[in-house]
Amino acid sequence: APSIDLQWSVDLVTGDTRMDETHAEFVERLNQIKSLPQDQQLEPYRAFYQHTVDHFAQEERWMLATGFTADNCHASHHETILETMRAVEEHYVQGDTDIINRMMDAMAEWFPGHANSMDRGLAFHLSEVGFDSSTATVADPSQLKNVVMSGRGSVTCPDE
C-alpha cells in the first residue's frame, strides 16, 4: 500500500494556538518516524507515543476544566488510539518490524478527520467559554454553568 502523506497545513488548524502547536509537532514527529529505516524506529516511536499521551491528556484537562464529563466520547476516542499504539510497540518488539510504518500511515489517515471534527469542536467550545489554553484559565467561570455536554450529539461528538 502506498504511504499516506500528511503535512501540516492550514486545513488542519483548529483555531486554538496551543492545540495547533501540539498538532504541528505531532505531524512532524509522525513524519520523522516514517522517514527512518525500520530498525531505527522504535525509540522515536516510544517518544511519539509519550508525546501523544501528553497531547491527549492536555486536551482532556481542558475538557474537564470547561464542563465536559470525564468519560466523553472525545476522551474515549483518545484512549482507543493509545491502546492501539501500545499494542503496536509489543508487536514490533516481537518481530513485526513493519508495524510502525503501518501505524504511522493509519495515524496519518486518521488525524485530519479527528482534528477537523472533535478537535475543532473543542477549540470552538474553548473560545465560546473564554478558556485560554496557554494559561489554562477561564476569563469568566460563570460561563461554565450553562455547559451541558454528554457523549454523542454534542458539539464534540459527531457521528463516526
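Just so we're clear, the structure is a prediction, and the values are computed from it rather than from any experiment. (Residues numbered from 1 in each chain as written. Predicted model: local features only at pLDDT ≥ 70, side-chain atom pairs only at ≥ 80, totals over all residues. Heavy atoms only, no water.)

**Q** Describe helix H3 (residues 73–93), naming the residues involved and giving the relevant values.
**A** Turn by turn, an α-helix covers 3.6 residues, leaving residues three or four places apart pointing in a common direction. Under the 1.5 Å per step criterion, the end-to-end length of H3 is 31 Å for 21 residues, consistent within 8% with the ideal 30 Å. Buried residues of H3: Cys73, His74, Ala75, His78, Ile81, Leu82, Met85, Val88 and Tyr92, and no others. In this fold, the buried residues of H3 make contact with helix H2 (42–65) and helix H4 (99–128). Two to three positions downstream of the cap, the backbone nitrogen of His74 sits 3.0 Å from a side-chain oxygen, assigning the N-cap of H3 to Asn72. Positive phi shows up at Gly95, right after H3, with a value of about 120°. (Helix = DSSP H or I, 4+ residues; strand = E, 2+ residues; numbered from the N terminus. Expected span 1.5 Å × (residues − 1). Buried < 20%, exposed > 50% of the residue type's maximum accessible area, 1.4 Å probe, protein only. Contact = heavy atoms within 4.5 Å. Polar contact = N/O pair within 3.5 Å; in protein donor to acceptor, adjacent residues only side chain to side chain.)

**Q** So what's going on with the pattern of salt bridges? Which residues, and what values?
**A** The tally for this structure, following the rule as stated, stands at seven salt bridges. In this structure, Glu43 and Arg46 form a salt bridge, with 2.6 Å as the shortest nitrogen-oxygen distance. Of this pair, Glu43 and Arg46 both sit in helix H2, three residues apart, which is roughly one turn of the helix. With a relative accessible area of 52%, Glu43 lands in the exposed category. (Salt bridge = Lys/Arg side-chain N within 4 Å of Asp/Glu carboxyl O.)

**Q** Which residues make up the nonpolar core, and what values do they have?
**A** For soluble globular proteins, nonpolar side chains are generally found buried alongside one another. Of all hydrophobic cores here, the largest spans 25 residues; its most connected members are Met85, Ile100, Met104 and Met107. Residue assignment for this core shows that the elements contributing at least two residues are helix H1 (17–35), H2, H3 and H4. A total of nine residues in this core trace back to one element, the largest contributor, which is H4. Once you skip the residues sitting within four places of it in the chain, Met85 turns out to touch Tyr45, Phe48, Tyr49, Thr52, Met103 and Met107. Residues Met63, Phe68, Val129 and Phe131 belong to the second largest nonpolar core, which totals 10 residues. (Core = buried A, V, L, I, M, F, W, Y, C linked by side-chain atoms within 4.5 Å.)

**Q** Tell me what's going on with the packing of aromatic side chains, and back it up with residues and numbers.
**A** Summed over all chains, the structure comprises five aromatic pairs. Relative to Phe48, the ring of Phe26 lies with its centre 5.1 Å away and its plane at 40°, an arrangement referred to as tilted. Remark: Phe48 occurs in helix H2 and Phe26 occurs in helix H1; sequence separation between them is 22 residues. In this structure, Phe26 and Phe48 share a single accessibility class: buried. Relative to Trp110, the ring of Phe56 lies with its centre 6.3 Å away and its plane at 70°, an arrangement referred to as edge-to-face. Placement of Phe56 in helix H2 and of Trp110 in helix H4 is noted, with a sequence separation of 54 residues between them. The two residues Phe56 and Trp110 agree in class, both being buried. Put simply, the rings of Phe26, Phe48, Phe56, Trp110 and Phe111 pair up and form one aromatic cluster. (Phe/Tyr/Trp six-rings, centres within 6.5 Å; stacked < 30°, edge-to-face > 60°.)

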